[in-house]
Amino acid sequence: MNVVAPYLRTALVRRPARLIYLSSGMHHGGRPDVRGRDWAGRRATASYSDSKLFVTALTFAVARLWPGVSVNAVGPGWVPTKMGGPGAPDDLREGHRTQDWLATSDDPRARTAGGYWYHEQSREPRAAARDERFQDELLSELASFTGTRLA
C-alpha cells in the first residue's frame, strides 16, 4: 500500500527541515476508513484513491505532530508516464516543479506546513485528510503493522 513506506521512512528519519509527500488529486475519491486494510499489499483492500488519501492524511498528521518542520503534500497532476499513460493531459515537467520548489525555495509559502499543493498553488484537500481522529487511527494502524511508532 502506498502509505506504508512513507510512514516507516518518516518514523525512522531524524527530523528534517522539510518533508514532501507525493499524493494525487485522486485522494478526493478515497475512503477514510482504515479498518480491514491489508497493509502488506497481499490482497486488494484499498483503491489507489484510498492510498493517496492515507498519504495526504499522513502529511497533515506529521505537520501537526512535528511543529517546526515544513511538511506538505503534492499532487503532481495526471502526467504522461507508464502509470498515467501517453494521453495524460498534464505537463510532465510541471509534475516535479512543485516538489523542487517546496524542497528548496525561500518563498515563505514554501516554508509552511500542512499544505496540499498543485503547480505551486495551494489546493484544498479532502476534509477527511485534516480529520485528526482519522489521522490518529491511521497512525495507530501503521504503527501496529510496522512495529514502529512515529515519535
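Computed from a prediction, not measured in an experiment: that's the story for all the values here.

In this structure, strand β1 (residues 18-22) lies alongside strand β2 (residues 70-74), joined through five bridges in parallel fashion. Note that in β2 the partner of Leu19 across the bridge is Val71. On the question of chirality, the crossover connecting β1 to the parallel β2 by way of helix α2 (residues 48-65) is right-handed.

When helix α1 (residues 4-12) is considered as a whole, its buried residues turn out to be Val4, Tyr7, Thr10 and Ala11. The arc that holds every buried residue of α1, seen down its axis, measures 140°, which confines them to one face. Exposed side chains of α1 directed beyond 90 degrees from the buried face belong to Ala5, Arg9 and Leu12. Those residues of α1 that are buried lie in contact with β1, α2 and α4 (132-146).

Attention shifts here to the packing of aromatic side chains. Within this structure, the stated rule accounts for three aromatic pairs. With a centroid separation of 5.7 Å and an interplanar angle of 50°, the aromatic rings of Trp39 and Phe54 are classed as tilted. One end of the pair, Trp39, is in the loop between β1 and α2; the other, Phe54, is in helix α2, and 15 residues separate them in sequence. Given the relative accessible area of 0%, Phe54 is considered buried.

Taken as a whole, this structure holds nine salt bridges when the rule is applied. In this structure, the salt-bridge partner of Asp136 is Arg64, at a minimum N-O distance of 2.7 Å. With Asp136 in helix α4 and Arg64 in helix α2, this pair connects stretches of sequence that are 72 residues apart. Arg130 serves as the salt-bridge partner of Glu124, at 3.7 Å between the closest nitrogen and oxygen. The class of Arg130 is partly exposed, set by a relative accessible area of 37%. Linked through salt bridges whose partners overlap, the residues forming this network are Arg31, Arg37 and Asp50.

Thresholds, definitions, all that
Residues numbered from 1 in each chain as written. Predicted model: local features only at pLDDT ≥ 70, side-chain atom pairs only at ≥ 80, totals over all residues. Heavy atoms only, no water. Pairing = 2+ DSSP bridges. Helix = DSSP H or I, 4+ residues; strand = E, 2+ residues; numbered from the N terminus. Right-handed = clockwise from strand over helix to strand, strands pointing away. Buried < 20%, exposed > 50% of the residue type's maximum accessible area, 1.4 Å probe, protein only. Arc of directions from axis to C-beta. Contact = heavy atoms within 4.5 Å. Phe/Tyr/Trp six-rings, centres within 6.5 Å; stacked < 30°, edge-to-face > 60°. Salt bridge = Lys/Arg side-chain N within 4 Å of Asp/Glu carboxyl O.

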